Amino acid sequence: MRLRMVFSYLLLVFVPLAGTVAVLRYGSDMQSSAALRIAPTAVPPLAQANLKLSVLLLQVLIIVVASRAVGALLRRFKQPQVIGEMLAGILLGQSFLGTIAPGVYDILFPTGSLRFLNALSQIGLLLFMFLVGLELDPKLLRGRGETALLTSHTSIAAPIFLGTSLALFLYPRLSDGGASFIAFALFLGAAMSVTAFPVLARILSEKQLHKTHLGSVVIACAAVDDVTAWCMLAVVVAIARAGSATMPLWATIGGAMLFAAFVLGVMKPALGWLYNRFTSRGTLSFQDLIAMVLAVVLACAWTTERLGVHALFGAFLAGTAMPKDPVFVKGVVRRFEDVMVTLLLPLFFAYTGLRMNIGLLAGAGSWLVCLLVIGTAIAGKFGGSAIAARVTGLSWQQAWMVGALMNTRGLMELVILNVGLDLGVISRTLFTMMVLMALVTTFMTTPLLEYFGVSSMRQQGDDPASPLGTDSERSVLAHD
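About the cut-offs
- Residues numbered from 1 in each chain as written.
- Predicted model: local features only at pLDDT ≥ 70, side-chain atom pairs only at ≥ 80, totals over all residues.
- Heavy atoms only, no water.
- Patch = residues over 30% accessible without salt bridge, like charges linked within 9 Å, V, L, I, M, F, W, Y side chains within 5 Å.
- Areas by Shrake-Rupley, 256 points an atom, 1.4 Å probe, with all protein chains shown as cover.
- Salt bridge = Lys/Arg side-chain N within 4 Å of Asp/Glu carboxyl O.
- Helix = DSSP H or I, 4+ residues; strand = E, 2+ residues; numbered from the N terminus.
- Axes fitted to C-alpha atoms, helices over the stretch in contact; angles between N-to-C directions.
- Parallel < 35°, antiparallel > 145°, perpendicular 65-115°, else oblique.
- Contact = heavy atoms within 4.5 Å.
- Nonpolar A, V, L, I, M, F, W, Y, C, P; charged D, E, K, R; others polar.
- Buried < 20%, exposed > 50% of the residue type's maximum accessible area, 1.4 Å probe, protein only.
- Expected span 1.5 Å × (residues − 1).

A. Structural context of a nonpolar patch on the surface. Taken together, the side chains of V6, L10 and F14 define a hydrophobic patch exposed on the protein surface, amounting to about 280 Å² of accessible area. In this fold, L10 is placed in helix α1 (residues 2-27).

B. The arrangement of the environment of L127 in detail. Along the chain, L127 falls in helix α7 (residues 114-134). Taking C-alpha positions, L127 is 9.1 Å from E337, a pair spaced 210 residues apart along the chain.

C. View of the packing of α1 against helix α16 (residues 364-391). Relative orientation of the contacting elements α1 and α16 amounts to 170 degrees, with a least axis distance of 11 Å. What the angle tells us is that α1 and α16 run roughly antiparallel. Residues R4, S8 and L12 of α1 lie in contact with α16, whose contacting residues are I387, A388 and V391. Here the residues of the contact of α1 with α16 sort into 4 nonpolar, 1 polar and 1 charged.

D. Structural view of the pattern of salt bridges. Per the stated rule, a full pass over the model turns up 3 salt bridges. Note that R355 and D422 form a salt bridge whose closest N and O atoms lie 2.6 Å from each other. Highlighted residues: R355 in helix α15 (residues 326-355) and D422 in helix α18 (residues 410-423), separated in sequence by 67 residues. A relative accessible area of 7% places R355 in the buried class. You can call D422 partly exposed: its relative accessible area is 44%. Among the ionic pairs, R409 bridges to E413, the shortest N-O distance being 3.9 Å. Residue E413 is classed as buried on the basis of its relative accessible area, which comes to 0%.

E. Structural context of α18. Relative to the 20 Å expected for 14 residues at 1.5 Å per residue, α18 spans 21 Å between its end C-alpha atoms, a close match to the ideal helical length. The buried count for α18 comes to 12 of 14 residues, which makes it a mostly enclosed element. Turning to α18, its buried residues are G410, L411, M412, E413, L414, V415, I416, L417, N418, V419, G420 and L421. G424 sits one or two positions beyond α18 and adopts a positive phi of about 80 degrees.

What follows is the structure, given as structure tokens:
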């Protein structure tokens, strides 16, 4: 059995990674001809006109109402709230409202107003990434056995290889024209390999799989995948910003690694000591604690932004450094969740929908490319995870369910895609295709679980040492 696992690891992990290296070397000299192949789709500079407060308030009102309404409708079809909010953002954008009622769209979202929505949504994203890091317990990655090890690594290696291979075809056609092939290919690999850890945890809870061995394996794999994807994206950001950054690429990557080591090696123990000291003495109110948490999050976000990586990485690091005491975690989440879930994140979804335009997919050729992107994403994540799970001894029913769960992307995918668009790594046409891919792969999770017989899986075991437990069934997970 041990020899079989070693062979499987070499075949499913090292071979795709070796193929990825070969693809990057082969395409490193490739030049983008996107400006000649497609219509200009770069994000236009935002106008500097002042926005009336009444317009901004009306935008926020419409976004909040539309997000809750469409989310409630989708919940009737057993879909998570995030699907409805993603659709609400698309409906409010150029793809729908801008097409059927362009006059109304121009009144609601005049030129230059998106920068205000973007500023508000960025605060929500910082808090969201902080909470993702806060709830990422390292204990999830321990003792999960060979199934979790092989499945998690395969579900990273296979999508990266397929994503970078797809870049050979897409780069001359759908890159933004300013990014190198390596940055473009690595970005596609990161985008293809991400799994929505929060929505995955919520689905496992709703389907009562969180106390089974299957749920334990999947949640551990998702945690590994997201950390890996964000590390890859950090490298992509550093490469993409290298040309305009004030510091060289080696200094950016080296500084980011040193800062991460400082956060995890120095700040994390210090925060744990301070938390235990103040809570034992009762000298620190929870309001003071929240203020300290916000200060740490903003300081870490500012540091990584100044290093040339991205503020979101700093917020994520701050979350991983926080104490993992369940009372602390639950209390912090409860303080942030209401405003973030009902206001700030819907603004981000609307901002994403306003930036995409399905009208850019003109003609059968564009839609075939879109289907190719979606198919590649599903093949790498769903197929790779399922095959690896089956090789480790799970039944085909369990393996297909692992693949369906790992194929979930949700909000995490949209965050990555917006970073890529902001950096000029991808064009708005490819951005639109990738957003549609995120919608399809997230939407298909629940129907696939029902198709593969999730009901029978609930009877297979009840592990009281579940990695989720009752404390992890929080509203921030319910949202995504």
